[in-house]
Structure formats: C-alpha cells, structure tokens
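Coordinate analysis (summary)
Here is how the chains run, residue by residue.
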Amino acid sequence: MPLKGDPEKANTCYNRKLKKMQNYKKLIFNIICLITLCLFPSSIFPAIEYNSGQAGKTVAPQNTTDVGVLSFSLQALLTQESISQVSILNTGGQVKFGKGINTVKIFNDLNKNGSLEDSDIEIGAVSFSSINTDPVPIPLTNVDIASGNINYFIVTYDIDSNAVISATTNVFLTSVESSSGSSLDLLTEASITTFNQTVIS
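The following refers to the structure shown. (Residues numbered from 1 in each chain as written. Predicted model: local features only at pLDDT ≥ 70, side-chain atom pairs only at ≥ 80, totals over all residues. Heavy atoms only, no water.)

Here's the deal with the pattern of salt bridges
As a reminder, the rule being used: The term salt bridge refers to a pairing of a side-chain nitrogen on Lys or Arg with a carboxyl oxygen on Asp or Glu at a separation within 4 Å. The numbering of helices and of strands both runs from the N terminus, where a helix is a DSSP run of H or I of at least 4 residues and a strand a run of E of at least 2. With a 1.4 Å probe rolled over the protein chains alone, any residue whose accessible area is under 20% of its type maximum counts as buried; one over 50% counts as exposed, and the rest are partly exposed.
Taken as a whole and assessed by the stated rule, the structure comprises two salt bridges. Taking the shortest distance from any N to any O, the salt bridge between Lys105 and Asp66 comes out at 2.8 Å. Of the two residues, Lys105 is situated in strand β6 (residues 100-108) and Asp66 in strand β3 (residues 64-76); the sequence distance between them amounts to 39 residues. Of the residues examined, Lys105 reaches a relative accessible area of 13% and is grouped as buried. The class of Asp66 is partly exposed, set by a relative accessible area of 27%. One salt bridge connects Asp158 with Lys105, and the closest N-O pair in it is separated by 3.5 Å. Residue Asp158 is found in strand β10 (residues 150-159), and its partner Lys105 is found in strand β6; the two are separated by 53 residues along the sequence. When sorted by exposure, Asp158 lands in the same class as Lys105, which is buried. Several salt bridges converge on common partners, so that one network encompasses Asp66, Lys105 and Asp158.

Printed below as a string of structure tokens:
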C-alpha cells in the first residue's frame, strides 16, 4: 500500500486529472465545431463549385453583338446559393476590353448546350468606355442555384466595327461570388476550361 505523500500516487492522480481536462476540451471544441457547421456551413466547406467549362477557339466578326466566347457551369453543394457576381479577365495586345470589345455579358444558358439562343436570359453586363486590363466584376441578377443543382452560363462579347482583323484575345473566368459570402478564386487554377480564345475575322 502506497505511503501518504507517495510521489507515484500523486503523479497518477495528476495524470487522471490532466486526461479528464483534455477530454473536456475536446468535447467543448467538438460542440463549437458542430454549432459553427450548423449556423455557417460555408465557412467550413465550400458552398459553390466550378463544375465545368468549354475551352477552345471562337471566330468573331467585326461589328457583331452577343458573340459567345465562353461557357461554364456552377454547382451549389450545401444549400441554395445566389450567385452575386463573376469576374472576367481579358488579355490581348490589339483587342481587349474597351479596345475592340465594347460590352461583355453573362447569360443563363437554360438549354445547357453552350450555345446562345433566344430562350437564354441575360443576367449581367458591363460596357467599356476606356481600355480595361484588370479583372472586371459583373454583378448578376436572379441567379439562384438549388442545393445539389448545376446552372449553366455563357459569356458573350459585343465586337466593335474597328476591332483589328486576325487579332487574338483571351477571356478568363477569374472568380465567382455568392450572396452568402462564398467565393471561388479561379485565377490560380491552371485548368484550361476557365478560358477561351477569340479571333477577330
């Protein structure tokens, strides 16, 4: 039988108390995580996902409107998401936003086929009065994606009559934001499905 004041017995009691305290801390941590997940799910998991895109080359005549230059889709992962804006970056030496490209628009591709048709709905647009080489945020309206569903979109250009023939310009989808605060940074992705190339004819 251990004697009173036995160091071994004191050490055993200390270890038990320490283990019990650690278990309490784990329990509190798990409760906090559970509450956070229930109240703010998008802070733990991404709420929207870039689902797919169509890369390739588009031939765009001068002085034309609503030329489809990129199609893509987004999926809501946890709950219904309202997409508030997307950002588009254009690169090119002779043709760029404000120089050969007057307006960029976003359409809801209702037929999900990547081609602009009369049934597709315009949900956002930005026009240019001067050259812009930065990513351009395009506010969107009425873009609700139900939980688990995928919505399809088309990016179009209005091409100026003075756009340089045979010039090449690239369009990149750089970011997506929802009204819940969720966002996707696509500029850091190397995926070719986030951009398309346009040649003026």
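Remarks on the packing of aromatic side chains
Spelled out, the test is: Note on ring pairs: Phe, Tyr and Trp rings are taken, using the six-membered ring of Trp, and paired if centres are within 6.5 Å. Classes follow the plane angle, with under 30 degrees stacked, over 60 edge-to-face and the rest tilted.
Per the counting criterion, the structure on display carries three aromatic pairs. With centroids separated by 5.2 Å and ring planes inclined at 25°, the aromatic side chains of Phe72 and Phe153 adopt a geometry described as stacked. Residue Phe72 is found in strand β3, and its partner Phe153 is found in strand β10; the two are separated by 81 residues along the sequence. A relative accessible area of 3% means that Phe72 is categorised as buried. Here the aromatic rings of Phe97 and Phe128 are separated by 4.6 Å at their centres, their planes lie at 10°, and the arrangement is stacked. Here Phe97 is found in strand β5 (residues 96-97), whereas its partner Phe128 is found in the loop between β7 (121-127) and β8 (136-139), with 31 residues between them in sequence.

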